[in-house]
Amino acid sequence: MWISLLVMSTITTYGFHKYYVSITTIDVNVEDGTLECSIKMFTDDLERAIEASGRYDVSITEYGSDKLVDSLIMDYVCRRLSIRYGTPSLEETHREYPLLACRPVGFETDVDLTWVYIEYKQPGNETYAIKNACLTEVFEEQQNIVHIRKEGKVVKSLLMGKGDDFKEFPID
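Residues numbered from 1 in each chain as written. Predicted model: local features only at pLDDT ≥ 70, side-chain atom pairs only at ≥ 80, totals over all residues. Heavy atoms only, no water.

### Looking at the pattern of salt bridges
So, point 1. Inspection of the entire model under this criterion finds six salt bridges.
So, point 2. Taking the shortest distance from any N to any O, the salt bridge between R80 and E137 comes out at 3.2 Å. Residue R80 is located in helix α4 (residues 67-80), and its partner E137 is located in the loop between β6 (127-132) and β7 (143-150); the two are separated by 57 residues in the primary sequence.
So, point 3. Residue class for E137 comes out partly exposed when judged on its relative accessible area of 35%.
So, point 4. Between K167 and D164 there is a salt bridge, with its nearest N and O atoms 3.7 Å apart.
So, point 5. On the basis of relative accessible area, D164 is assigned to the partly exposed category, the value being 27%. (Salt bridge = Lys/Arg side-chain N within 4 Å of Asp/Glu carboxyl O. Helix = DSSP H or I, 4+ residues; strand = E, 2+ residues; numbered from the N terminus. Buried < 20%, exposed > 50% of the residue type's maximum accessible area, 1.4 Å probe, protein only.)

### Quick word on the confidence of the model for the protein
So, point 1. Residues of the protein with pLDDT of at least 70 account for 82%, and the chain-wide mean is 84.
So, point 2. Here helix α1 (residues 2-13) stands out as the least confident element of the protein, with mean pLDDT 43; strand β2 (residues 34-42) is the most confident, with 97.
So, point 3. Here residues 1-7 is a poorly scored stretch, pLDDT under 50, and it has eight contacts once near neighbours within four places are set aside; other chains count.
So, point 4. When the criterion is pLDDT under 50, residues 9-14 qualifies, and its contacts beyond four places in sequence or with other chains add up to seven contacts. (pLDDT = per-residue confidence, 0-100. Contact = heavy atoms within 4.5 Å.)

Laid out in structure tokens, this is it:
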């Protein structure tokens, strides 16, 4: 994990990047029964993705947090990062393995990076599946690293790119 943080830090130091990567950390909060997600991505990539959705030209660094920018960011991330409860790879109907409702929490920006915070209610201690398609519609080379942590320790890491379907991760 420290390597991915070093890569993101090194890239932002020079103000440009040719690597397309985001880092998502999902903290399993057993006490609150939630999956707390933080998604770290390059601000200019996020702006470009929102613009590509045909909705608005947006400058996160210029406008900061206002109702429209907040709404655009949260809507984008909640549409592109999905979590299902159960094991959808068994080729059963999605009705049996519903998408969990995304609850926006907020975001913050620091220089070239934006952290977006969302959470999902955790219905049980079984297997979940995630699909992280953030930025893949804009960048063919986009790679989304996902770390699942429980009690502060990474229990599973996934690498997701364009065209990837849901990938499973256990909670127990």
